[in-house]
Amino acid sequence: MADPSTAPPLTRASVQAAHKLIEPYIHKTPVLTNATLNRLASTPRTEAELAGTEWAGRTPAKPVIRFWFKCENFQKVGAFKARGAFHAIERLKQDPSFDRAKGVITHSSGNHAQALSLAAAISSIPCTIIMPTISTPAKIAATRSYGSRIIFSGPTSPEREAAVAAAQAETGARLVPPYDHPDIILGQGTAALELQSQLSLLLPEKTTTLHAVITPCSGGGLLSGTALACEGTGIRVFGAEPSFQGADDGRRGFAAGERVTSVKSLTIADGLRTPVGKIPWGVIYERRLVAGMYSVGEDEIRRAMRLVYERMKLVVEPSAVVGLAVALYNEDFRAMVEREGGQEGWDLGVVFSGGNVSLDKLGELLA
C-alpha cells in the first residue's frame, strides 16, 4: 500500500473523492425496506423472551424503528469489501513508486481475498493471497477464479503474517491490508455515502433522512468509513458485533477506553472474528465518530438471518445481519432508540455487509 502518511485525510470529503474514483468499478447497491421487520422491531419483546437474558426483569423497550437496508450482498464479489479493494488498487496505480509487475498481496479468509483478486485482475496486476487452511471451500474457489495465486497458512495472525513476509520477500509485492489503512477505510465508507444520497431521493420531504446507521464491526474498516461518511451530517453511527467467545472486542474496548488487540472466537459470523485495527480505532473511538457499540449472541444472529431470508427473500451471510439483530434483540440499544426517538422513532440504516455463504452452510444455519 501507499504510505499511510501520504493518504488523503480521513474526512467525509475524502470519502466523496474515493467514491468518484471507484464508481466505474462498483455496483450502486439497492436500498430495501420491509414492513414486517419494521413492525417486529417496533413491537416490545415479551417478558418471557427476556427471561434468562441479561435483561430479565426489565420492562421491555418500546422503540419505533423504520429500517433502510443497504444491500452490499449485491456488491461485486458479494460484499462491501470490493469498495476498499478497488480504491486501494486505484490509489496504487497513481503511485509512481508502485511496480505493477511485482503485484499485490494480502491475507484474508474470504471477502477481502475475493475483492482484491478481482480489483487486481481488472487492472492486470498479479495478486497473491495468503488464506488460512480453515477458509471455506466456496471462498477459496471464488478467490482462485479471479486468477490469484493462493498460499495457505495457519489460522493465527502470526502464522498469516509470517506467510505474507515470506511471499513478499519472494515477489516484492505490495501489501494491501484488509482494513487497517486509510485507502481501505475511505473506500468502505462509500456505501454509507450512497445510502445517504439514495434516501434523499426516496424521502425528499424529510430534511433529515436518517437518524442513524448501524454496521457490523470486525477490523473496523466498514464502521470507521461509515463514521467518516456521516461526519457532520447529524447521522449517528453505531457498531454491531457477535458476543460469542469475546468477539465483541470493539464493544469491550469502547467501554474500557482501550483497544483490544487480540481475539480468538469461532462465532458463526466468521467475517467478524478480527480485532479492531489501530487506524479504524482512531476514527471509531479516539475521534468519537461512533456513538456506541452493541453485541448479540449466536441465536439472535441466526434468528435475524432467518427473518431476512424468509421475509425479504435475500441471501446474506451471518456477519451481515448482526446490526439488524442488535436492533431487534439488544434491549440496551432498543431502550436508547425509545428514549431518544420518542413517538416519532428512528429511520435506521442497516448495512448488509455481504452474502457469501455456501448453500450447504446456509441450510445448516437455518435448520
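Scroll up a little and you will see the structure.
Now for a description of the structure that goes with this document. (Residues numbered from 1 in each chain as written. Predicted model: local features only at pLDDT ≥ 70, side-chain atom pairs only at ≥ 80, totals over all residues. Heavy atoms only, no water.)

**Some thoughts on the pattern of salt bridges**
Per the stated rule, a full pass over the model turns up 18 salt bridges. Where arginine 287 meets glutamate 231, a salt bridge forms, and the shortest distance between an N and an O atom there is 3.4 Å. Of this pair, arginine 287 sits in the loop between helix H12 (278-286) and strand E9 (292-296) while glutamate 231 sits in the loop between helix H10 (221-230) and strand E8 (236-242), placing them 56 residues apart in sequence. Taking the relative accessible area as the measure of exposure, arginine 287 reaches 35% and is therefore partly exposed. Judged by its relative accessible area of 32%, glutamate 231 is partly exposed. (Salt bridge = Lys/Arg side-chain N within 4 Å of Asp/Glu carboxyl O. Helix = DSSP H or I, 4+ residues; strand = E, 2+ residues; numbered from the N terminus. Buried < 20%, exposed > 50% of the residue type's maximum accessible area, 1.4 Å probe, protein only.)

**Re helix H11 (residues 249-256)**
Three- or four-residue spacings in an α-helix give side chains the same orientation, since the helix completes a turn every 3.6 residues. Considered for burial, the residues of H11 that qualify are Asp249, Gly250, Gly253 and Phe254. The buried residues of H11 occupy one face: seen down the axis, they fall within an arc of 130 degrees. Along H11, the residues that are exposed and aim more than 90 degrees away from the buried face are Ala255 and Ala256. In this fold, the buried residues of H11 make contact with E8, H12 and E9. One or two steps after H11, the chain reaches glycine 257, where phi turns positive at roughly 80 degrees. (Arc of directions from axis to C-beta. Contact = heavy atoms within 4.5 Å.)

**What to know about unusual backbone geometry**
Here valine 77, not a glycine, exhibits a phi torsion of approximately 60 degrees, which is positive. Structurally, valine 77 can be placed in the loop between strand E2 (65-71) and helix H4 (81-93). In this model, arginine 288 sits at a positive phi of 60 degrees, which is unusual for a non-glycine residue. Looking at the element boundaries, arginine 288 is found in the loop between H12 and E9. Classification of arginine 288 as exposed rests on a relative accessible area of 53%.

**Here's the deal with the packing of aromatic side chains**
Tallying each qualifying case throughout the model produces nine aromatic pairs. Ring geometry for phenylalanine 69 and phenylalanine 352: centres 4.8 Å apart, planes at 15 degrees, overall stacked. Pair noted here: phenylalanine 69 is in strand E2 and phenylalanine 352 is in strand E10 (residues 346-352), with a separation of 283 residues, a long-range link. Classification of phenylalanine 69 by relative accessible area gives buried; the value is 0%. With 5.2 Å between their ring centres and 80 degrees between their planes, tyrosine 294 and phenylalanine 333 make a pair best called edge-to-face. Residue tyrosine 294 is found in strand E9, and its partner phenylalanine 333 is found in helix H15 (residues 331-341); the two are separated by 39 residues along the sequence. In terms of burial, tyrosine 294 and phenylalanine 333 fall into one category: buried. Among the aromatic residues, those joined into a cluster by ring pairs are Phe238, Tyr294, Phe333 and Trp346. (Phe/Tyr/Trp six-rings, centres within 6.5 Å; stacked < 30°, edge-to-face > 60°.)

Don't take any of this as a statement about function, it's just geometry.
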